[in-house]
Amino acid sequence: MNFGNVLTAMVTPFDDQGNIDYKQTEILIEYLLNNGTEGLVVAGTTGESPALTTEEKISLFKHVVKVVNKRVPVIAGTGTNNTVSTITLTKEAEKCGVDAIMLVTPYYNKPNQRGLYEHFAAIAKETTLPIMLYNIPGRSAVKMCAETIINLSKIHNMVAVKEASGDLDQVAEIIQKTSSNFTVYSGDDGMTLPMLSIGAAGIVSVASHIIGKEMQEMVQAFWAGDVKEAAALHRRLLPVMKGLFKFPSPAPVKAALHIKGIATGGLRLPLVALTKDEENEIKELVDG
């Protein structure tokens, strides 16, 4: 299943009291859909999922589904390090009308590969929704190996993986040994073009909040066979892609959105807003 070329891992807008700002969420969605985004991942890492309650996630899923109104796929981040809790949230997300779910590799528990397989397989049995796996060892402390992903891809509703391991050899092996119906997405903006070159379908992006149209141009140039133009765009966009992760995410991208006139509020502890000097660095990136 292909959810599009450029998907955005959407931030969660908050109001001055730190509550989810649903009106600003609507404004953000319209802005993203008009600027290159072909799919939305809701309540993922960039959406500050660890700081959202289960009730808030469900409410956010419902709201985003309503606003999007089938224009693009809505993928709900329901993965946790608790299998039973993940199943419960996934069933609630299904009721909300989302198009798919994204399941992050369990964090903190540090399961082995067999445990990872059983975790995801158990969830897959309890939902009819398509599933995007999310392999991000930098945050979860456990890397899901190619063999595990390949084996999971044989489960009928395991349709994609967001690969943020930074391991191009692993990505190539996954693409080579999975069905053509199984889709690989980059989970790192800066790896988008290298991963496209070995067969990935696109990117689940943070930078697309700011440079969505430009990232779409890069992807389309690559698909059109203009590799030289795609490479030039990659080099030009790379400082923004990297700069938005210079400080703990999503603080930089929320600051960048504010600079562009899209209010998404502050962050929830333990994340904190950027300092003035840090904001100035982001402003230089956005204005440059």
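Before going into details, it helps to say that this report is about the structure given with it. Quick caveat, the model's predicted, so the values are computed rather than measured.

## Quick look at the overall build of the chain
Part 1 of the reasoning: Each helix and strand counted, the chain has twelve helices and eight strands in total.
Part 2 of the reasoning: Computed over C-alpha atoms, the radius of gyration of the chain comes to 18 Å, within 12% of the 19 Å expected from 2.2 N^0.38 for 288 residues, which places it in the range of a compact globule.
Part 3 of the reasoning: Considering only C-alpha atoms, the chain reaches an extent of 45 × 45 × 35 Å along its principal axes.
Part 4 of the reasoning: The contacts of the chain with a sequence gap of at least 6 include a subset with a gap of at least 24, amounting to 71%.
Part 5 of the reasoning: Only carbon and sulfur atoms are counted for the fraction: they give 51% of the accessible area of the chain, which is about 12,600 Å².
Part 6 of the reasoning: With 27 positive and 31 negative side-chain charges, the chain shows a spacing of 3 Å between the two charge centroids.

## Here we look at the environment of Gly212
Part 1 of the reasoning: Along the polypeptide, Gly212 turns up in helix 9 (residues 208-223).
Part 2 of the reasoning: Note on Gly212: relative accessible area 2%, which makes it buried.
Part 3 of the reasoning: Along the backbone, Gly212 and Leu32 are 180 residues apart, and their C-alpha atoms lie at a distance of 7.5 Å.
Part 4 of the reasoning: Sequence-distant contacts of Gly212, that is, excluding residues within four places in its chain, are made with Asn35, Gly36 and Ala207.

## A short note on the pairing of strand 1 (residues 6-9)
Part 1 of the reasoning: Residues of strand 1 alternate between two faces, with Val6 and Thr8 on one and Leu7 and Ala9 on the opposite face, all of them buried.
Part 2 of the reasoning: Of the pairings in the sheet, the one linking strand 1 to strand 8 (residues 202-205) comprises three bridges and is parallel in character. In the sheet register, Leu7 faces strand 8, and the bridge partner there is Val204.
Part 3 of the reasoning: As judged from the three bridges shared by strand 1 and strand 2 (residues 39-42), these two strands associate in the parallel manner.

## Observations concerning unusual backbone geometry
Part 1 of the reasoning: Of note, the amide linkage connecting Ser249 to Pro250 takes the cis form, showing an omega dihedral of 10°.
Part 2 of the reasoning: As for its placement among the helices and strands, Pro250 is situated in the loop between helix 10 (227-243) and helix 11 (251-259).
Part 3 of the reasoning: For the bond running from Leu269 to Pro270, omega is 15°, close enough to zero to count as cis.
Part 4 of the reasoning: In this fold, Pro270 is placed in the loop between helix 11 and helix 12 (276-287).
Part 5 of the reasoning: Phi is positive for Tyr108, close to 75°, though the residue is something other than glycine.
Part 6 of the reasoning: Among the secondary structure elements, Tyr108 is positioned in the loop between strand 4 (100-104) and helix 4 (113-125).
Part 7 of the reasoning: Its identity as a non-glycine residue notwithstanding, Lys110 has a phi of 60°, on the positive side.
Part 8 of the reasoning: Assignment of secondary structure puts Lys110 in the loop between strand 4 and helix 4.

## Brief notes about the packing of aromatic side chains
Part 1 of the reasoning: Overall, the coordinates contain one aromatic pair when judged by the stated rule.
Part 2 of the reasoning: Seen in terms of ring centroids, Phe222 and Trp223 are 5.4 Å apart; in terms of plane orientation they differ by 65°. Their pairing is edge-to-face.
Part 3 of the reasoning: Given the relative accessible area of 16%, Phe222 is considered buried.
Part 4 of the reasoning: The class for Trp223 is partly exposed, based on a relative accessible area of 41%.
Part 5 of the reasoning: One residue, Lys162, lies across the ring of Tyr134, its end atom 4.0 Å from the ring centre.

## Concerning the nonpolar core
Part 1 of the reasoning: Residues Leu40, Val42, Phe61, Val64 and Leu133 are the most contacted members of the largest nonpolar core, which totals 82 residues.
Part 2 of the reasoning: Once residues lying within four places of it in the same chain are set aside, the contact partners of Leu133 are Leu103, Phe120, Met144, Ile149, Leu152, Met158, Ala160, Val161 and Lys162.

## Notes on the environment of Ala255
Part 1 of the reasoning: Checked against the element boundaries, Ala255 lands in helix 11.
Part 2 of the reasoning: Residue Ala255 is classed as buried on the basis of its relative accessible area, which comes to 13%.
Part 3 of the reasoning: With 24 residues separating them along the chain, Ala255 and Glu279 place their C-alpha atoms 6.7 Å apart.

## What about the packing of helix 2 (residues 54-68) against helix 3 (residues 83-96)?
The packing of two helices is summarised by the inter-axis angle and the distance between the axes.
Part 1 of the reasoning: At a minimum axis distance of 9 Å, the contact between helix 2 and helix 3 shows a crossing angle of 25°. Judged on the interaxial angle alone, helix 3 and helix 2 are roughly parallel. You can see that helix 2 and helix 3 cross each other, and the crossing is right-handed. Facing Thr54, Lys57, Ile58, Phe61, Lys62 and Val65 of helix 2, the residues of helix 3 in contact are Leu89, Glu92, Ala93 and Cys96.
Part 2 of the reasoning: In terms of residue class, the contact of helix 2 with helix 3 is made up of six nonpolar, one polar and three charged.

## Section: the packing of helix 9 against helix 10
Part 1 of the reasoning: Close contact between helix 9 and helix 10 brings their axes to 8 Å; oriented N to C, the two are set at 155°. It follows from the interaxial angle that helix 9 and helix 10 lie roughly antiparallel. Remark: the crossing between helix 9 and helix 10 carries left-handed chirality. Taken together, the residues of helix 10 that come into contact with helix 9 (itself represented by Ile211, Glu214, Met215, Glu217, Met218, Ala221 and Phe222) are Val227, Glu229, Ala230, Leu233, His234, Leu237, Val240 and Met241.
Part 2 of the reasoning: Of the residues assigned to the contact of helix 9 with helix 10, the class counts are eleven nonpolar, one polar and three charged.

Conventions and cut-offs
- Residues numbered from 1 in each chain as written.
- Predicted model: local features only at pLDDT ≥ 70, side-chain atom pairs only at ≥ 80, totals over all residues.
- Heavy atoms only, no water.
- Helix = DSSP H or I, 4+ residues; strand = E, 2+ residues; numbered from the N terminus.
- Rg over C-alpha atoms; globule rule 2.2 N^0.38 Å.
- Contact = heavy atoms within 4.5 Å.
- Areas by Shrake-Rupley, 256 points an atom, 1.4 Å probe, with all protein chains shown as cover.
- Lys, Arg positive; Asp, Glu negative; His and termini not counted.
- Charge placed at Lys NZ, Arg CZ, Asp CG, Glu CD.
- Buried < 20%, exposed > 50% of the residue type's maximum accessible area, 1.4 Å probe, protein only.
- Pairing = 2+ DSSP bridges.
- Phe/Tyr/Trp six-rings, centres within 6.5 Å; stacked < 30°, edge-to-face > 60°.
- Lys NZ or Arg CZ within 6 Å of the ring centre and 35° of its normal.
- Core = buried A, V, L, I, M, F, W, Y, C linked by side-chain atoms within 4.5 Å.
- Axes fitted to C-alpha atoms, helices over the stretch in contact; angles between N-to-C directions.
- Parallel < 35°, antiparallel > 145°, perpendicular 65-115°, else oblique.
- Left-handed = near helix turned anticlockwise from the far one by under 90°.
- Nonpolar A, V, L, I, M, F, W, Y, C, P; charged D, E, K, R; others polar.

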